[in-house]
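# Descriptive analysis of the structure
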Amino acid sequence: MTTHYTAPLADIRFCLYDLLDVEKLFAKLPGCEGLTRDTIDAVLDEAAKFSQTVLAPLNETGDRQGCTFDKSSGEVKTPEGFKHAYDQYVEAGWAGLTAPEAFGGQGLPETVGAPVKEMIDSANLAWGTYPLLSHGATEALRVHGEDWQKEAFLKRIVSGEWTGTMCLTEPHCGSDLGLLKTRAEPNEDGSHAISGTKIFITAGEHDFTGNIVHLVLARLPDAPKGVKGISLFIVPKFKVGKDGRQGERNAVRCGAIEHKMGLKGSATCVMNFDGAQGWLIGEPNRGLNAMFTMMNTARLAVGLQGLALSERAYQNALSYARERLQMRALSGAKFPDKPADPLIVHGDVRRMLLTQKVLIEGGRALGLYAATLVDIQHRSQDAEEVKRAEALVSFLTPIIKAMLTENANECTSLALQVYGGHGYIAEQGMEQYLRDARITTIYEGTTQIQALDLLGRKIMQQRGEGLQLFLERLGAFCARHVENESLKGFISKLSALAKEWGDATQAIGMRAVSNADEVGAAAFDYLMYSGYVALAYAWARSVAAAEASPHPEGFKQAKRLTARFYFDRILPRTRTHLAAMQAGGDSVFALPDALFG
Ligand SMILES: Cc1cc2nc3c(=O)[nH]c(=O)nc-3n(C[C@H](O)[C@H](O)[C@H](O)COP(=O)(O)OP(=O)(O)OC[C@H]3O[C@@H](n4cnc5c(N)ncnc54)[C@H](O)[C@@H]3O)c2cc1C
């Protein structure tokens with residue numbers, strides 16, 4: 001292994017215990033009351049060990065070998081060691097970590113599952129994509145599945161015996177699911193015959209498990225056109241009877257795997273359904289709703305993938321910057337006994353490292369905050385609290401998905417830059433992170449789709465309920481800390497931004513009334529602006545939590561000074577995004593298509 005990985009347990013624990021006070025939160029959440037710090041720590045320690053010792057060593061070999069496809073059998077072989085690692089994962093009970101106990105899971109909250117996932121993905125993102133979709137399938141089946149489906153499929157997915165997939169994309173239909181053509185014809189026994197081609201299906205075929213459970217979007221014969229005519233079906237690779245027995249091979253086959261830029265150990269499959277037996281999940285023509293249950297969890301999970309890659313790349317860039325000697329500091333030699341100073345003394349190398357550090361630690365704080373909201377949404381008995389958590393999760397999901405993955409592109413690129421030419425050389429292992437990160441802004445809804453979801457749906461259609469709640473919390477935090485010396489300079493900026501955010505949202509809303517294209521023209525800048533303000537809030541909260549914690553002074557100082565870099569050097573990016581939003585859509589739409597070139 002040419003790059004290293006050490007799970008960032010200290011920062012994860014800081015987020016859980018000091019920033020988010022999960023012990024207090026869990027004490028009042030049904031199903032989590034008995035969860036002690038010792039248990040959580042034990043889970044985190046074991047996950048760190050598994051990630052570092054089992055998964056991390058397979059990351060580079062997995063990238064080099066990739067998956068192989070046997071055309072005659074339609075089978076996919078994953079890179080060496082991947083299946084054995086999966087067996088160990090299942091054996092240790094990781095597959096059902098956050099799944100409901102009623103179906104054989106361990107019922108741990110998402111707030112504990114999220115850092116486990118981060119560690120797995122840092123160690124080996126390609127491997128992490130295989131169990132990823134099982135998590136989403138579990139959610140969809142739990143919420144929308146019939147009892148026999150839960151018995152027959154859910155328990156085996158939760159145990160890790162089988163894995164799940166999510167089959168949406170077709171050759172002509174990606175972001176626009178309304179275009180999908182896959183058909184579902186009713187059979188006499190109550191099942192459906194599914195026919196069509198799905199592409200880019202992650203883990204559509206592999207050698208980990210004896211069966212693979214596809215969750216497939218398709219159209220019933222009389223379905224209305226567009227997204228209102230889509231239903232969700234469960235289509236196993238091997239048929240499964242209502243008694244749960246696994247039967248003969250179903251008519252679904254992998255037709256090819258993609259050769260791609262990164263994530264080479266993850267099988268990206270063309271899946272051909274040729275009258276395959278499928279079972280409807282949820283109501284007819286309401287498949288998109290059911291799929292959204294999966295998609296929100298999956299979108300937050302992809303945000304964590306971005307965080308995970310940024311963390312791994314940063315750790316290596318930091319070590320390199322401490323060791324590599326080049327030139328002297330501009331203000332004079334810092335290590336006169338050495339032939340040159342290490343890279344870390346140089347201003348722009350420090351900027352690159354600090355940029356990664358603030359985006360990672362801020363992103364982790366924000367991502368785990370969202371995980372606590374998901375737990376409240378799923379477990380609280382207080383209907384008002386559930387409603388608020390739901391609105392906040394729905395508002396934060398596109399921000400976290402897009403921001404943490406856009407940041408991953410920036411962070412992995414900066415980490416490579418810290419290595420100079422050596423970063424560009426495959427043997428160093430750094431270019432893999434950049435290649436692997438590139439997909440995260442594309443799948444599970446591109447950044448553009450997240451931006452439209454945020455501004456078009458969550459703000460315009462839902463009247464910004466989530467934004468209002470978020471701003472209320474931000475405002476209450478500012479009011480509480482206005483006298484806090486350690487937050488000097490941060491609170492006034494945050495308060496001003498909160499007001500500006502609300503005003504900017506209103507201004508776009510006004511323009512959109514007369515011209516809906518204004519939403520599309522502003523959406524990306526609005527999303528990034530929102531992301532940077534949300535990260536500023538996460539950083540200010542982190543400083544306050546560190547100050548109030550029993551951590552040593554060095555830890556508190558690191559949080560304080562890193563936050564200062566965020567506020568001084570990264571937060572000003574909101575100026576550009578605001579100016580772009582305020583400029584409106586005229587210049588975006590003025591140039592006739594024919595004059596583009
Ligand atoms: C490695 C990999 C794994 C994948 N795994 C899965 C999987 O497991 N299951 C699955 O179903 N799919 C999967 N996908 C598919 C993925 O989700 C889609 O590629 C993605 O949703 C984008 O769809 P598209 O590629 O058709 O691009 P298009 O939808 O054609 O979009 C092309 C470009 O136009 C932009 N765009 C489109 N519409 C708008 C708009 N209205 N406003 C602004 N911009 C717009 C997009 O952002 C993008 O930049 C995977 C893809 C890859 C490459």
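Residues numbered from 1 in each chain as written. Predicted model: local features only at pLDDT ≥ 70, side-chain atom pairs only at ≥ 80, totals over all residues. Heavy atoms only, no water.

## Here's the deal with the packing of helix H9 (residues 347–379) against helix H16 (residues 517–548)
Two measures define how a pair of helices packs: the angle their axes make with one another and the distance between the axes. Closest axis-to-axis distance for the H9/H16 pair is 9 Å, and the angle between their directions is 90 degrees. When the axes of H9 and H16 are compared, the pair comes out roughly perpendicular. For the pair H9 and H16, contact is made by Lys357, Val358, Leu359, Glu361, Gly362, Gly363, Ala365, Leu366 and Tyr369 and by Ala534, Leu535, Ala538, Trp539, Arg541 and Ser542, respectively. Tallied by class, residues from the contact of H9 with H16 come to nine nonpolar, three polar and three charged. (Axes fitted to C-alpha atoms, helices over the stretch in contact; angles between N-to-C directions. Helix = DSSP H or I, 4+ residues; strand = E, 2+ residues; numbered from the N terminus. Parallel < 35°, antiparallel > 145°, perpendicular 65-115°, else oblique. Contact = heavy atoms within 4.5 Å. Nonpolar A, V, L, I, M, F, W, Y, C, P; charged D, E, K, R; others polar.)

## Thoughts on the environment of serine 51
Inspection of the secondary structure puts serine 51 in helix H3 (residues 37–55). Between the C-alpha atom of serine 51 and that of lysine 117, which follows or precedes it by 66 residues, the distance is 9.6 Å. Beyond its immediate stretch of four places on either side in the chain, serine 51 contacts Tyr5, Ala56, Met119, Ile120 and Ala123.

## Observations regarding a nonpolar patch on the surface
A surface patch of nonpolar side chains, amounting to about 340 Å² of accessible area, comprises Leu591, Leu595 and Phe596. When you line up the elements, leucine 595 lands in the segment after helix H19 (586–590). (Patch = residues over 30% accessible without salt bridge, like charges linked within 9 Å, V, L, I, M, F, W, Y side chains within 5 Å. Areas by Shrake-Rupley, 256 points an atom, 1.4 Å probe, with all protein chains shown as cover. Salt bridge = Lys/Arg side-chain N within 4 Å of Asp/Glu carboxyl O.)

## Re the site of the ligand
Every one of the 18 residues lining the ligand counts as a neighbour, but Met166, Thr169, Ser175, Phe200 and Thr446 are closest to it. The contact in question runs from an oxygen atom of the ligand to an N or O atom on the backbone of leucine 168, over 2.8 Å. Separating a nitrogen atom of the ligand from a backbone N or O atom of phenylalanine 200 is a distance of 2.7 Å. Here the ligand loses 64% of its free accessible area of 980 Å² to cover by the protein chains. Contributions of two or more residues to the shell around the ligand are made by strand E3 (163–167), strand E5 (192–202) and helix H13 (447–461). With three residues, E5 is the largest single contributor of residues to the shell around the ligand. (Near = heavy atom within 4 Å. Polar contact = N/O pair within 3.5 Å; in protein donor to acceptor, adjacent residues only side chain to side chain.)

## As for the domain arrangement of the protein chain
Partitioning the protein chain into domains gives domain 1 (9–153), domain 2 (163–285) and domain 3 (451–589). Domain 1 and domain 3 are separated by 31 Å when their C-alpha centres are compared. Across the contact, five residues belong to domain 1 and nine residues belong to domain 3. For the domain 1 and domain 3 pair, buried surface summed over both sides reaches about 560 Å², with 63% attributable to carbon and sulfur atoms. If you sort the residues of domain 1 by the area they bury against domain 3, Phe14, Asp18 and Leu19 come out on top, with a joint share of 80%. Across the domain 1-domain 3 interface, the total number found is one salt bridge. (Domains from an automatic or database assignment. Buried area = accessible area lost by both parts, 1.4 Å probe.)

## A word on the environment of valine 519
Along the chain, valine 519 falls in helix H16. On a C-alpha basis, the gap between valine 519 and glycine 456 in space is 6.6 Å, while along the polypeptide they are 63 residues apart. Setting aside its immediate chain neighbours within four residues, valine 519 contacts Leu455, Gly456, Met460 and Ala512.

## Some words on the packing of aromatic side chains
All told, the structure shown has 19 aromatic pairs when counted by the stated rule. Here the aromatic rings of tryptophan 148 and tryptophan 279 are separated by 4.9 Å at their centres, their planes lie at 80 degrees, and the arrangement is edge-to-face. Note that tryptophan 148 is positioned in helix H7 (residues 147–159) and tryptophan 279 in strand E11 (residues 268–281), a separation of 131 residues in sequence. Each member of the pair tryptophan 148 and tryptophan 279 is classed as buried. With a centroid separation of 5.7 Å and an interplanar angle of 75 degrees, the aromatic rings of phenylalanine 477 and tyrosine 537 are classed as edge-to-face. Placement of the pair is phenylalanine 477 in helix H14 (residues 465–480) and tyrosine 537 in helix H16, with a sequence separation of 60 residues. A relative accessible area of 4% places phenylalanine 477 in the buried class. The rings of Phe50, Tyr86, Tyr89, Trp127, Tyr130 and Phe208 are connected pair by pair, giving a single aromatic cluster. Cation over ring: arginine 249 sits above phenylalanine 238, and NZ or CZ is 5.5 Å from the ring centre. Arginine 541 extends its terminal NZ or CZ atom over the ring of tyrosine 369, reaching a point 4.9 Å from the ring centre. (Phe/Tyr/Trp six-rings, centres within 6.5 Å; stacked < 30°, edge-to-face > 60°. Buried < 20%, exposed > 50% of the residue type's maximum accessible area, 1.4 Å probe, protein only. Lys NZ or Arg CZ within 6 Å of the ring centre and 35° of its normal.)

## Here we look at the side chain of glutamine 450
With respect to the helices and strands, glutamine 450 occurs in helix H13. For glutamine 450, a relative accessible area of 0% corresponds to the buried category. Setting aside chain neighbours within four positions, we find glutamine 450 in contact with Arg299, Pro398, Lys401, Ala402, Glu444, Gly445 and Leu527.

## Notes on the pattern of salt bridges
Overall, the coordinates contain 32 salt bridges when judged by the stated rule. A salt bridge links glutamate 385 to lysine 28, with the shortest nitrogen-to-oxygen separation between them at 3.1 Å. With a gap of 357 residues between them, glutamate 385 in helix H10 (residues 383–418) and lysine 28 in helix H2 (residues 22–28) connect regions that are remote in the sequence. You can call glutamate 385 buried: its relative accessible area is 17%. When its relative accessible area of 53% is taken as the criterion, lysine 28 is described as exposed. Between glutamate 248 and lysine 239 there is a salt bridge, with its nearest N and O atoms 2.9 Å apart. Exposure remark for glutamate 248: the relative accessible area of 52% places this residue in the exposed category. Looking at lysine 239, the relative accessible area reads 24%, which means it is partly exposed. Each of Asp11, Glu118, Glu311, Lys357, Glu361, Arg364 and Lys559 takes part in one network of salt bridges that share partners.

## Section: H13
Residue aspartate 453 marks the point of greatest curvature in H13, where the axis turns by about 25 degrees. All buried positions along H13 are accounted for by Thr447, Gln450, Ala451, Asp453, Leu454, Leu455, Gly456, Lys458 and Ile459. Looking at the buried residues of H13, the elements they touch are helix H8 (287–323), H10, H14, helix H15 (490–514) and H16. Once H13 finishes, arginine 463 follows within two positions and takes phi at roughly 55 degrees, a positive value. (Bend = angle between axes of the 7 residues up to and from the residue.)

## Notes on the side chain of arginine 299
Within the secondary structure, arginine 299 sits in helix H8. The side chain of arginine 299 is buried and forms no salt bridge, while aspartate 453, the nearest opposite charge, is found at 4.3 Å. If sequence neighbours within four positions are ignored, arginine 299 has contacts with Phe292, Thr397, Lys401, Glu444, Gly445, Ile449, Gln450 and Asp453. (Lys, Arg positive; Asp, Glu negative; His and termini not counted.)

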